Amino acid sequence: MSDIPEHLLRRSAEAKAKALGIPVEDVLAEMTGEAAPTPMDIGEQPKVETVVAPDPATPAAVPVAEPETPSQEPTPPAPVMAASSADAGDVDYDAAATKAGMPASLLKRSVEAKAKASGASPASVLAEMLGEEVPAAPPAASAPPPAEPAPVEEITESVAEVVEIPIVEPAAAASVAAEPPAASRSGGATAVAARPLAQPEAVPEGVRTQRLLTVVKANAIQQVKSEPTDKVNTWPHLMIMEFAALLAVTAVLIVLSVILQAPLLESANFNATPNPSKAPWYFLGLQELLSYFDPQIAGVTVPTIIGLVGFMAIPYVDRNPSTKPSDRKFAIFMYTFFMMGAATLTIFGVLFRGPGFNFTYPWADGIFFDDLKDWVNF
Amino acid sequence: MANGIIEKVKEQATSVWEKVHGSQVAESILRPGSPFKKGYSDTPRNRSYVIMNNVLYHLHPVKVKRHGVRLSYTLCLGGISFFLFILLTITGIFLMFYYAPTAEAAYSDVAALSTSVAFGSLVRNMHRWGAHFMVLSVFLHMSRVFYHGAYKPPREFNWVVGVILLLLTLLLSFTGYLLPWDQLALWAVTVGTNMAGFVPVFGGQVKFLLLGSVEVTADTILRWYVLHVLFFPFIIVIFMAVHFWRVRKDGGISGPL
């Protein structure tokens, strides 16, 4: 916690305090680990229950629910078939398939896979699957085994994402809760259902209440590695700057283009070699090098080995992980040295080379650089 | 009297604008969160939607690090390079309307830009100076990235892509240099391509491939025209796409010093 910047922590604590209606100091103390976490207040005092899949093989063990118990959790109806054929061994997939309205082969594969995964017998799995689809079986006929109330603190601490669904009516909620929670079987995330103590009927019409459907641990979804950083919205902060830069560049370019004419000399003539012949300015450093060294060195080795391969290799050669200028004096020196060298050669080639590519002083003999021809005469 | 008429006209104009702005056409064009949409309010959610619901999402994340917004950190050099590329594409397309890449027509076409084409001279100047600016801004961008150590892991490969982009920028500029077909173009390219001839073992072949001949000839102009307006822009756009993508995937702009 201590590696989070102070102002970010403060901002987060203020938001949480505002949402929960408790003093900021309490939240801060909790965030920094000095106090026990405040139970999260979802809805109107939710009662957290763990949904446990009923064991279809022992329907007799299921206690009959009191009809007026408000916290009763509707579950899949106790399958009738389970009691009769659970121990039979052989399973009548054809009859079941007709009942379920799907091909027997698919049903068989599904049941067998599920039975293998859960360790239950195929017959009981089949019964469970079919039992859910029997519309005649009233949900109130059976009740779940007494749910183990999970400690609230433990759950709220691991809350990463709360999936909320609105309750439309009790029957719909029952069908949602009746889904056998696969997660609780596979030993993954804990699935809990918290319901408001008040009866759903008491909620006025048009008001949508929320309920906690499931709690998923943070590391089950994604691994968060990045440090918290201070960020701003791209719009408007960054885009305003970019738009300003865009306008400035356009304005400068238009003004420059109005006052400064691009060079256009006489038509190309193979028989009239101008003296001196100069390359574009960005190659003039190389041309300057050519006047000192063998073309194999100045024309090939330097541009390809240093200019291309060398530059591309920089990140792989410089293994120093720091970006602080004080830690990388050598790297900065080398880059600056090469850039100054290239700039010096280029300036030399542009300004100090006259006829025959011989050395001249621009203030004495003029500038021999046609790209700047009209600029000089302006 | 006059005031009353003005009031009425204003009222009418407002109601027409309200109808147009709220029409199905306007609603269908502007995605939710667009600042131009009717009823836009400056909320954090809408600020996110401006990027998220927009083609801009291909370039920018919804949020950026606060220090990265400071002009003094990036000097906007990468953005300026990209914008200059767009500007050069626009002016270049304009120039293509008036230019034929043949030895007979090229020079007179370029000369005619200044005399018989509306804004021809201005657009040609913008194209030429913009190209020089782009070489400069790409180079300065590279220097900025170096001095910030922004090429360090995980951004090593994006530096390599950046060096390729610099090379492609130089090649784009150099291939465009020949197209006016004047003395400056002819001899600058002659000098430049002579250097390519010094490549060991297959220097001659490289030079021949570049020029379409052993020396700069009328055939070279067509070859460089195609390279300049089609081939290199095509390649550089691909590398730019990778470059921008990697900027975001490597964690956005590099950290503060």
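Residues numbered from 1 in each chain as written. Chains lettered and ligands numbered in written order. Predicted model: local features only at pLDDT ≥ 70, side-chain atom pairs only at ≥ 80, totals over all residues. Heavy atoms only, no water.

A count of helical and extended segments in chain B gives 12 helices and one strand. In chain B, the order of α-helices and β-strands from amino to carboxyl end is α-α-α-β-α-α-α-α-α-α-α-α-α. Relative to its full complement of 257 residues, chain B shows a buried share of 47%. Restricting to contacts in chain B with at least 6 residues of sequence separation, those with at least 24 account for 63%. (Helix = DSSP H or I, 4+ residues; strand = E, 2+ residues; numbered from the N terminus. Buried < 20%, exposed > 50% of the residue type's maximum accessible area, 1.4 Å probe, protein only. Contact = heavy atoms within 4.5 Å.)

Here we take up the overall build of chain A. A count of helical and extended segments in chain A gives 16 helices and five strands. By the burial criterion, 31% of the 378 residues in chain A qualify as buried. Taking all contacts inside chain A whose residues are at least 6 apart in sequence as the whole, residues at least 24 apart take part in 64%. Approximately 22700 Å² of chain A is accessible, and the part contributed by carbon and sulfur atoms is 62%. (Areas by Shrake-Rupley, 256 points an atom, 1.4 Å probe, with all protein chains shown as cover.)

Between chain B and chain A, the contact holds 76 residues from the first and 71 residues from the second. Summing both sides of the interface, chain B and chain A together bury roughly 6900 Å²; the carbon and sulfur share of this comes to 70%. For the chain B face of the interface with chain A, the top three residues by lost area are B:Trp129, B:Gln183 and B:Met195, together amounting to 10%. On inspection of chain B and its partner chain A, the count reaches two salt bridges. A:Asp318 is paired through a salt bridge with B:Lys152; the nearest N and O atoms lie 3.3 Å apart. Along the contact surface separating chain B from chain A lie 35 residue pairs in polar contact (both at pLDDT 80 or more). Mapped onto the side of chain B that touches chain A, the elements with two or more residues apiece are helix H3 (44–52), strand E1 (63–65), helix H4 (66–69), helix H6 (77–96), helix H7 (106–116), helix H8 (120–147), helix H9 (156–177) and helix H10 (183–196) of chain B. (Buried area = accessible area lost by both parts, 1.4 Å probe. Salt bridge = Lys/Arg side-chain N within 4 Å of Asp/Glu carboxyl O. Polar contact = N/O pair within 3.5 Å; in protein donor to acceptor, adjacent residues only side chain to side chain.)

Let us look at the pattern of salt bridges. For the structure on display, the rule yields 10 salt bridges over all chains. With its nearest N and O atoms 2.9 Å apart, the salt bridge here joins A:Asp230 to B:Arg66. In this pair, A:Asp230 sits in the loop between helix H10 (218–221) and strand E5 (231–233) while B:Arg66 sits in helix H4, so the two residues belong to two different chains. Judged by relative accessible area, B:Arg66 falls into the partly exposed class, the value being 41%.

We now examine the environment of A:Tyr282. Locating A:Tyr282 in the fold gives a position in helix H12 (residues 281–290). Separated by 68 residues in sequence, A:Tyr282 and A:Val350 have C-alpha atoms that sit 9.7 Å apart. In this structure, A:Tyr282 is in contact with B:Val135, B:Leu170, B:Ser173, B:Phe174 and B:Tyr177, ignoring residues within four places of it in sequence. One polar contact links the side chain of A:Tyr282 to the main-chain amide nitrogen of B:Phe174, over a distance of 3.3 Å.

We now examine the environment of A:Ala100. All names here are of chain A. Relative to the helices and strands, Ala-100 is located in helix H4 (residues 93–100). You can call Ala-100 partly exposed: its relative accessible area is 22%. Along the sequence, Ala-100 and Leu-130 sit 30 residues apart, while their C-alpha atoms lie 6.7 Å from each other.

All names here are of chain A. Among the surface-exposed residues, Ile-305, Ile-306, Phe-330, Phe-333, Met-334, Phe-337 and Phe-338 lie close enough to one another that they form a single nonpolar patch of about 730 Å² accessible area. Among the elements of the structure, helix H13 (295–317) and helix H14 (329–351) are those that each provide at least two residues to the nonpolar patch. With five residues, the single largest contributor to the nonpolar patch is H14. By secondary structure assignment, the location of Phe-330 is in helix H14. (Patch = residues over 30% accessible without salt bridge, like charges linked within 9 Å, V, L, I, M, F, W, Y side chains within 5 Å.)

Right, let's talk about H6(B) for a bit. The first and last C-alpha atoms of H6(B) sit 28 Å apart over 20 residues, in line with the 28 Å expected at 1.5 Å per residue. Of the positions making up H6(B), those classed as buried are B:Leu77, B:Ile80, B:Ser81, B:Phe83, B:Leu84, B:Phe85, B:Leu87, B:Leu88, B:Thr91, B:Gly92 and B:Leu95. Buried residues in H6(B) make contact with helix H11 (234–259) of chain A together with helix H5 (71–74), H7, H8, H9 and helix H12 (218–249) of chain B. (Expected span 1.5 Å × (residues − 1).)

This next bit is on unusual backbone geometry. Cis peptide bonds are those with omega within 30 degrees of zero, and the linkage from A:Trp235 to A:Pro236 qualifies with 5°. Residue position: A:Pro236 is located in helix H11. Of note, the bond from A:Asn275 into A:Pro276 is cis; its omega dihedral lies within 30 degrees of zero at 0°. The backbone of B:Phe119 shows a phi angle near 60°, a positive value even though the residue is not glycine. Looking at the secondary structure, you find B:Phe119 in the loop between H7 and H8. On the basis of relative accessible area, B:Phe119 is assigned to the exposed category, the value being 66%.

This part takes up the side chain of B:Lys207. Structurally, the position occupied by B:Lys207 is in helix H11 (residues 203–211). Look past the residues within four positions of B:Lys207 in its chain and what remains in contact with it is B:Thr193, B:Asn194, B:Gly197, B:Ser213, B:Val214 and B:Glu215.

This brings us to the nonpolar core. Across soluble globular proteins, nonpolar side chains show a tendency to be buried alongside one another. Counting residues in hydrophobic clusters, the biggest one holds 68 residues, and the most contacted among them are A:Phe311, B:Trp159, B:Trp181 and B:Ile236. The biggest single contributor to this core is H9(B), with 10 residues. Residues contacting A:Phe311, with those up to four places away along its chain left out, are A:Ile306, A:Tyr335, A:Met339, B:Met142, B:Trp159 and B:Val163. Counting residues in each nonpolar core, the second largest holds 10 residues, with A:Tyr93, A:Ala97, A:Leu107 and A:Met129 among its members. (Core = buried A, V, L, I, M, F, W, Y, C linked by side-chain atoms within 4.5 Å.)

This paragraph deals with the side chain of B:His132. Inspection of the secondary structure puts B:His132 in helix H8. One polar contact links B:His132 to A:Trp281, side chain to side chain, over a distance of 2.9 Å. The contacts of B:His132, once residues within four sequence positions are left out, are A:Trp281, A:Asp371 and B:Tyr177.

The next subject is the confidence of the model for chain A. Interpretation of this model should avoid reading the predicted coordinates in detail wherever pLDDT is low. Residue and element names in this part refer to chain A. Mean pLDDT over chain A: 71, with 61% of residues reaching 70 or higher. For chain A, the element scoring lowest by mean pLDDT is helix H3 (residues 80–85), at 40; H14 scores highest, at 94. Within the model, the stretch residues 40–88 combines pLDDT values under 50 with 92 contacts to residues more than four positions away or in other chains. Between residues 134–196, whose pLDDT stays under 50, and residues either more than four places distant or in other chains, the model counts 125 contacts. (pLDDT = per-residue confidence, 0-100.)

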